[in-house]
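# Coordinate analysis (summary)
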Amino acid sequence: MKDVQEYLVRNSLSPSTFLAYKSAFSTYKNFVIAHFGFCANPLPPSLQHLTAFIAHCFLKQLAASSTRTVISSLSFTFQLGGYQDITQHFIVKKMLLGFQKSKPSSDARLPITPTILKQLVNALQHTISSNFLRTLFKAMFILAFCAFLRVSEITKTPGPVQHFLQYHNVSIQTCQNQPIIEINIPHFKHSKSNLITLRLHQNVDNPLICPCASLMDFLQLRKHSVPTDPLFSFMDGRPVSKQFFTCHLRNALAFCNLDLQRYQSHSFRIGAATTAAFLGHSELQIQNMGRWHSSAFKKYIRIPTLNV
């Protein structure tokens with residue numbers, strides 16, 4: 001019975017979230033032992049230990065947002081063990097608030113807007129000599145923007161858990177003689193087991209950055225032979241790595257004279273949220289389109305920079 005209980009609780013979390021919670025508790029446990037002695041125990045939770053840990057994070061120049069994330073992870077662990085959730089203690093909340101005010105985090109990344117997306121697509125003609133690679137990266141750039149995709153959903157990232165799309169996750173349908181892309185996302189960062197289906201329509205007003213046209217052009221060249229092939233992959237079936245994608249994105253950004261520090265792979269997702277807000281979509285619609293489980297998407301909306 002206990003095994004079933006543990007299985008159900010663990011299955012309520014995505015693999016990446018479970019690993020994050022486990023890592024956070026390990027960090028906290030090591031801190032307690034290092035600063036309060038080898039015999040010190042992180043459980044049951046101690047207010048003295050937790051407040052000292054927050055002060056330690058502050059002195060180590062950690063970001064307030066990162067520290068708050070760790071504390072949130074500890075909250076889950078404490079409650080799972082049946083202990084009092086001291087992360088909700090008045091002193092802890094005030095310390096985190098003071099931490100945030102002393103070191104407000106600012107995301108300096110800028111959004112890739114439709115105008116910049118067109119510049120990047122045009123830049124590929126000058127930064128890549130291979131027609132196949134140009135077609136590949138054009139499709140990756142445009143779908144990353146139009147579908148609010150994370151870089152982990154289009155590339156192979158470091159680590160054992162992968163979330164990149166496979167060939168069978170994508171299909172092209174026809175509605176009223178117009179192509180529609182259906183993208184089935186089986187799992188993603190912070191996801192559980194629910195399948196998410198995205199639908200992208202033809203962009204008649206801006207054919208250069210049309211997701212349907214760019215994906216169809218790529219699929220005609222790639223001709224995947226196995227349904228489980230990575231969607232964005234080379235002719236031999238190898239998935240595009242995050243490093244390879246970032247390298248060519250940086251080359252295109254440099255060609256367009258854009259700041260390489262402020263425009264990064266996540267700028268596609270930031271740009272998608274910003275553009276959706278500019279076009280009048282509600283916060284709930286944007287949250288659903290980007291598959292956010294919290295209000296974190298709000299920090300991505302940069303309306304003043306949309307005309308860049």
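Residues numbered from 1 in each chain as written. Predicted model: local features only at pLDDT ≥ 70, side-chain atom pairs only at ≥ 80, totals over all residues. Heavy atoms only, no water.

## Looking at helix H5 (residues 90–102)
Between the first and last C-alpha of H5 there are 18 Å, a value that for 13 residues agrees with the 18 Å anticipated at 1.5 Å per step. Within H5, the full set of buried residues consists of Val 92, Leu 96 and Phe 99. Each buried residue of H5 lies within a common arc of 55° when the element is viewed along its axis, so the set occupies one face. Across H5 from its buried face, at more than 90 degrees, point the exposed residues Phe 90 and Lys 101. Buried residues along H5 sit in contact with helix H3 (47–59) and helix H4 (64–80). (Helix = DSSP H or I, 4+ residues; strand = E, 2+ residues; numbered from the N terminus. Expected span 1.5 Å × (residues − 1). Buried < 20%, exposed > 50% of the residue type's maximum accessible area, 1.4 Å probe, protein only. Arc of directions from axis to C-beta. Contact = heavy atoms within 4.5 Å.)

## Some thoughts on the pattern of salt bridges
Summed over all chains, the structure comprises five salt bridges. Put simply, Arg 150 and Glu 153 hold a salt bridge, and the shortest N to O gap is 3.3 Å. Like Glu 153, Arg 150 is buried. A salt bridge links Arg 291 to Glu 153; its shortest N-O distance comes to 2.8 Å. Here Glu 153 lies in the loop between helix H7 (131–146) and strand S1 (170–175) and Arg 291 lies in the segment after helix H11 (283–289), a separation of 138 residues in the sequence. With respect to burial, Arg 291 and Glu 153 carry one shared label: buried. Here the salt bridges do not stand alone but share partners, grouping Arg 150, Glu 153 and Arg 291 into one network. (Salt bridge = Lys/Arg side-chain N within 4 Å of Asp/Glu carboxyl O.)

## A look at unusual backbone geometry
Here the bond from Leu 43 into Pro 44 is cis, since omega is 0°, no more than 30 degrees from zero. Secondary-structure assignment places Pro 44 in the loop between helix H2 (15–36) and H3. Even without being glycine, Gln 61 reaches a positive phi, approximately 65°. Positionally, Gln 61 belongs in the loop between H3 and H4. The exposure class assigned to Gln 61 is exposed, which follows from its relative accessible area of 61%.

## Here's the deal with the layout of surface pockets
In this structure, the second largest pocket spans a volume of roughly 500 Å³. Phe 145, Cys 146, Asn 203, Thr 275 and Leu 279 are, among the 21 residues lining the second largest pocket, the residues nearest its centre. For the lining of the second largest pocket, the secondary-structure elements that each account for two or more residues are helix H6 (114–127), H7, strand S3 (196–201) and helix H10 (267–278). Considering every element that reaches the lining of the second largest pocket, the biggest residue donor is H10, with four residues. Taken together, the residues of the lining of the second largest pocket break down into 13 nonpolar, seven polar and one charged. (1 Å grid on protein atoms, 1.4 Å probe; cavity = no way out; pocket = protein on both sides within 12 Å on 5 of 7 lines; lining within 4 Å. Points joined across faces, edges and corners; volume = space filled by probe spheres on them. Nonpolar A, V, L, I, M, F, W, Y, C, P; charged D, E, K, R; others polar.)

## Quick notes on the sheet that holds S3
Taken in spatial order, the three strands of this open sheet run S1-S2-S3, and their pairing is antiparallel. Since the sheet does not close on itself, it has two edges, and those belong to S1 and S3, each with one partner. Going across the sheet, the axis of each strand differs from the next one's by a mean of 30°, ignoring polarity. Sheet topology places S1 next to strand S2 (residues 178–185); six bridges connect them, and they run antiparallel. What sits directly across from Thr 174, in S2, is Pro 179. The sheet strands contacting helix H8 (residues 211–222) are S1, S2 and S3, and the helix crosses S2 at an angle near 75°. (Pairing = 2+ DSSP bridges. Axes fitted to C-alpha atoms, helices over the stretch in contact; angles between N-to-C directions.)

## A look at the packing of H2 against H4
Packing of H2 against H4 brings their axes to within 9 Å, and their N-to-C directions diverge by 95°. When the axes of H2 and H4 are compared, the pair comes out roughly perpendicular. Counted together, Ala 20, Tyr 21, Ala 24, Phe 25 and Tyr 28 of H2 and Val 70, Ser 73, Leu 74, Phe 76, Thr 77 and Phe 78 of H4 form the full contact between these two elements. Of the residues in the contact of H2 with H4, the class split is nine nonpolar, two polar and no charged. (Parallel < 35°, antiparallel > 145°, perpendicular 65-115°, else oblique.)

## Quick look at the side chain of Thr 87
Relative to the assigned elements, Thr 87 resides in the loop between H4 and H5. Residue class for Thr 87 comes out buried when judged on its relative accessible area of 4%. Among the polar contacts listed, one links the side chain of Thr 87 to the side chain of Ser 75, at a separation of 3.5 Å. One polar contact links Thr 87 to Gln 88, side chain to side chain, over a distance of 3.4 Å. (Polar contact = N/O pair within 3.5 Å; in protein donor to acceptor, adjacent residues only side chain to side chain.)

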